[in-house]
Amino acid sequence: MDGAKLVKYEGLPDGDIPMEKLEKLRRLILMEGGIEMLMRCIDSLPRLITRCETLEDRYRNLQARCEAQDRFIEMMVCPAQKLFSNRTIRKFSDIGQVNLDQVVPGLGAPYVNSTPVPPNSKIRYTHRLRPGFTPKEIAIDFNLAGGATNYSDLILQFYIVPGGVNSVSGLEIGAEMRGNQFLNKNGTQIHIPWPTFENCPIDVGSSEQLVLDITNAGGANNLDSAFVTLYYDNKLFYALCRQACGCETGC
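Only a predicted model underlies this, so the values are computations on that prediction, with no experimental measurement involved. (Residues numbered from 1 in each chain as written. Predicted model: local features only at pLDDT ≥ 70, side-chain atom pairs only at ≥ 80, totals over all residues. Heavy atoms only, no water.)

So, about the environment of Y151. Among the structural elements, Y151 can be located in the loop between β4 (135-144) and β5 (154-162). Distance from Y151 to K185, taken between C-alpha atoms, is 8.1 Å for residues 34 residues apart in sequence. Excluding residues within four positions of it along the chain, Y151 makes contact with F142, L144, R178, G179, N180, L183, N184, K185 and G187. (Helix = DSSP H or I, 4+ residues; strand = E, 2+ residues; numbered from the N terminus. Contact = heavy atoms within 4.5 Å.)

Pasting the structure below:
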């Protein structure tokens, strides 16, 4: 045949090749352009081998990563590694607020251990131990002695305190605020958006506690009491928890 090339293949004996494959090869050689097609396949064989070796390496790497993630997951699902049980998390998923109703004692002057808070003194409020959350709004009520409304004399600063609330140090959350930002003169509330950090919402982690320092900078009236509420999206809390654990019914 014009332009045909005689190719000699040295490989497996005929008896080791299934007859149906030999028949397919014979038909390919006899068909018009079959030899050229076969040669192109042979020419591309080294590239196919290289690609297969690359895919095999990727498979081994992926298998190693999956094994490492399996070990990590096995460690994290151990009850000893969990901060809160699923039962506890599910309970808090139905509650849309956190109350800072616990006074932190023992901080020393100028902090007081309980209300009332006299002028030039401070008090620190925190919440009960709970899973982490992301607040959306802040609402505060104040009761000043004698029915006073000098809320601007109250200075407020939020902090996140890792590991405990008995240290005066902490990470500041948002700017220093005044009481009149939360209450009008007639006593109606003003809800303030929760501050952001680097233009992102600030989470309160499970191993952290949020505290609020209230300073009575006035000269006449005691702060008889304060009630601090942080609202968060409990539906989102539940959805994120369910997504994290991968179960259909939630965590």
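Still more to cover.
If you trace the backbone, L223 turns up in strand β11 (residues 223-232). Sequence separation between L223 and P119 is 104 residues, and the spatial gap between their C-alpha atoms is 8.1 Å. For L223, the residues in contact, after removing those within four places along its chain, are T115, P116, V117, F142, N143, L144, L154, I214 and N216.

With that settled, the discussion passes to the pattern of salt bridges. Taken as a whole, this structure holds 3 salt bridges when the rule is applied. Between R60 and E56 there is a salt bridge whose closest N-O contact spans 3.3 Å. In this pair, R60 and E56 both sit in helix α2 (residues 34-76), 4 residues apart, roughly one turn of the helix. A single salt-bridge network, built from bridges that share partners, covers E56, D57 and R60. (Salt bridge = Lys/Arg side-chain N within 4 Å of Asp/Glu carboxyl O.)

Turning next to the nonpolar core. Counting residues in each nonpolar core, the largest one holds 38 residues, and the members touching the most others are F142, F158, I214 and L230. For this core, the element with the most residues is β11, which contributes 5 residues. Excluding anything up to four places from it in sequence, I214 contacts S121, K122, I123, Y125, F142, I155, L156, L223 and A226. (Core = buried A, V, L, I, M, F, W, Y, C linked by side-chain atoms within 4.5 Å. Buried < 20%, exposed > 50% of the residue type's maximum accessible area, 1.4 Å probe, protein only.)

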